[in-house]
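Examination of the molecular architecture
Chain residues, written in single-letter form:
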Amino acid sequence: MRDLAGGFGHLLAGQRWVFRNGRWLGFGLLPGLLALVLYTGALIGLGYGADDLTAWATPFADGWGSPWLGLFRGFLTALVFCLGLFVAVITFTAVTLLIGQPFYESLSEQVDRSVGGDAPESGLPLAKELWISARDSLKVLGRVLLYGILLFALGFIPVVGQTVVPAIGFCVSGFFLTEELTAVALQRREVELKERLVMLRGRRAMVLGFGVPLVLAFLVPLVAVFLMPGAVAGATLMVRELRGEDEERAAADGAGDGAGEPGPYARPYADPHQHRHPAPQQNPYAQ
């Protein structure tokens, strides 16, 4: 439960960080708005064509009488649209991050600096970073589609398909959504996809505490756009905890450079111009 609450706490902390630094929120809306237009058009097209798709896929039911034909194909049409929505929620983040890659990487670096730590840089050209991000996103999408197909099939099971399966679907969506968001900070740290997945599975409760509420919020299109910059910021804060960077920084603060001296990261927000007032000296001629 502690990790679950911790993940949600990182999500809230990221949103607070962005709203305290308003210019990052303003620039961050542009990639999300463009992705929203693309996905809205795709979902509208799916909504109009889903019934034709299910009719084409189930020719064996053409001879069924009413109301069974309508109920069967209506149910399949709803499942197809839900599957499309499931994929859209997962891929929306990846596409938005690709569109706004330079911005979100700069935002993540600024979050690292703001907490008094280092801001690792990959040192790769932008084209190389985009290629790695797109390649990893396609690998993640392949895993998502496998889970989606499995959950789609399990949706036919009475009761379980309408209760347990959707809950599992939200958890799967939350996990992979968090993977996409943490990839911004982890790619700067040169952490490969395989290692990222192992790291996230090791703290699954924290990942779900971060990702599942975000998936639920992303179901409201405009909310997804406004939450994206804060989600990247929160994912960066979570990466620092997952890698133990904050603990290392705290240890460095405590160790110091020598006996009685503060460490290199001590009091990162202290006023550099602050001076102590010298103690008053005793008059040697006083009687």
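Residues numbered from 1 in each chain as written. Predicted model: local features only at pLDDT ≥ 70, side-chain atom pairs only at ≥ 80, totals over all residues. Heavy atoms only, no water.

1. Digging into the overall build of the protein
- Along the backbone of the protein there are ten helices and zero strands.
- When the helices and strands of the protein are placed in sequence order, the string is α-α-α-α-α-α-α-α-α-α.
- Taking the contacts inside the protein whose residues are at least 6 apart along the sequence as the reference set, 77% of them involve residues at least 24 apart.
- Of the accessible surface of the protein, which amounts to about 16000 Å², a share of 67% is contributed by carbon and sulfur atoms. (Helix = DSSP H or I, 4+ residues; strand = E, 2+ residues; numbered from the N terminus. Contact = heavy atoms within 4.5 Å. Areas by Shrake-Rupley, 256 points an atom, 1.4 Å probe, with all protein chains shown as cover.)

2. A look at a nonpolar patch on the surface
- A cluster of nonpolar residues, L150, L154, I157, V159, V160, V164 and I168, forms a patch on the protein surface that exposes about 550 Å² of accessible area.
- Secondary-structure elements contributing two or more residues to the nonpolar patch are α5 (126-154) and α6 (160-188).
- Looking at the nonpolar patch element by element, the count peaks at three residues for α6.
- Counting through the fold element by element, L150 comes out in helix α5.
- For L150, a relative accessible area of 49% gives the class partly exposed. (Patch = residues over 30% accessible without salt bridge, like charges linked within 9 Å, V, L, I, M, F, W, Y side chains within 5 Å. Salt bridge = Lys/Arg side-chain N within 4 Å of Asp/Glu carboxyl O. Buried < 20%, exposed > 50% of the residue type's maximum accessible area, 1.4 Å probe, protein only.)

3. Description of a positive patch on the surface
- On the surface, a cluster of positive charge is made up of K139, R143, R201 and R204.
- Assignment of secondary structure puts R143 in helix α5.
- On the accessibility criterion, R143 (34% relative accessible area) is partly exposed. (Lys, Arg positive; Asp, Glu negative; His and termini not counted. Charge placed at Lys NZ, Arg CZ, Asp CG, Glu CD.)

4. Overview of unusual backbone geometry
- One non-glycine residue with positive phi stands out, namely E190, at about 60°.
- Of note, E190 is situated in the loop between α6 and α7 (193-202).

5. Focus on the packing of aromatic side chains
- Summed over all chains, the structure comprises nine aromatic pairs.
- With a centroid separation of 5.7 Å and 65° between ring planes, the pair formed by Y39 and F92 is classed as edge-to-face. Here Y39, found in helix α2 (residues 22-57), pairs with F92, found in helix α3 (residues 68-99); they are 53 residues apart in sequence, far enough to count as distant. Each member of the pair, Y39 as well as F92, is classed as buried.
- An angle of 65° between the planes, with centres 6.2 Å apart, marks the rings of F60 and W64 as edge-to-face.
- Judged by its relative accessible area of 37%, W64 falls in the partly exposed class.
- Every member of this aromatic cluster is reached through a ring pair, and the members are W24, F103 and Y104. (Phe/Tyr/Trp six-rings, centres within 6.5 Å; stacked < 30°, edge-to-face > 60°.)

6. Concerning the pattern of salt bridges
- In the structure shown here, the tally under the stated rule is ten salt bridges.
- In this structure, R203 and E241 form a salt bridge, with 3.5 Å as the shortest nitrogen-oxygen distance. With R203 in the loop between α7 and α8 (204-218) and E241 in helix α9 (residues 221-242), this residue pair connects regions lying 38 residues apart in the sequence.
- When its relative accessible area of 24% is taken as the criterion, R203 is described as partly exposed.
- Each of R135, D136, E179, E192 and R196 takes part in salt bridges that share partners, so that together they form one network.

7. Let's talk about the packing of α6 against α7
- Following both chains from N to C, one finds α6 and α7 inclined at 125°, their axes separated by 10 Å at the closest point. Viewed along their axes, α6 and α7 adopt a mutual orientation that is oblique. Considering how the two elements wind past one another, α6 and α7 form a crossing that is right-handed. Along the contact surface, α6 presents F175, E179, T182, A183 and L186, while α7 presents L193, R196, L197, M199, L200 and R201.
- Class assignment for the residues of the contact of α6 with α7 results in seven nonpolar, one polar and three charged. (Axes fitted to C-alpha atoms, helices over the stretch in contact; angles between N-to-C directions. Parallel < 35°, antiparallel > 145°, perpendicular 65-115°, else oblique. Left-handed = near helix turned anticlockwise from the far one by under 90°. Nonpolar A, V, L, I, M, F, W, Y, C, P; charged D, E, K, R; others polar.)

8. Some remarks on α8
- End to end, α8 covers 20 Å across 15 residues, agreeing with the expected 21 Å (1.5 Å per residue, within 8%).
- Every buried residue belonging to α8 is among M206, V207, G209, F210, G211, V212, L214, V215, A217 and F218, and all of these are buried. (Expected span 1.5 Å × (residues − 1).)

9. Concerning the nonpolar core
- In terms of nonpolar packing, the biggest core is built from 55 residues, with F92, L107, L181, L214, F218, M228 and V232 touching the most fellow members.
- For this core, the element with the highest residue contribution is α9, accounting for twelve residues.
- Aside from chain neighbours lying at most four places away, what touches F92 is G32, A35, L36, Y39, F218, A224, V225 and M228. (Core = buried A, V, L, I, M, F, W, Y, C linked by side-chain atoms within 4.5 Å.)

10. What to know about the confidence of the model for the protein
- Across the protein, the average pLDDT comes to 79, with 84% of residues at 70 or higher.
- Within the model, pLDDT remains below 50 along residues 258-281, and this stretch shows 21 contacts once partners closer than five positions in the same chain are excluded.
- Of the regions scoring below 50 in pLDDT, residues 283-287 engages in zero contacts with residues more than four places distant in sequence or in other chains. (pLDDT = per-residue confidence, 0-100.)

11. So, the packing of α3 against α5
- Taken N-terminus to C-terminus, the directions of α3 and α5 make an angle of 165°; their axes are 10 Å apart at the nearest point. Taken together, the axes of α3 and α5 lie roughly antiparallel to each other. For the pair α3 and α5, the crossing hand works out as right-handed. Where α3 approaches α5, its residues L79, V80, L83, F86, V87, I90, T91, A94 and L98 are matched on the opposing element by L130, S133, A134, S137, L141, V144, L145, G148 and F152.

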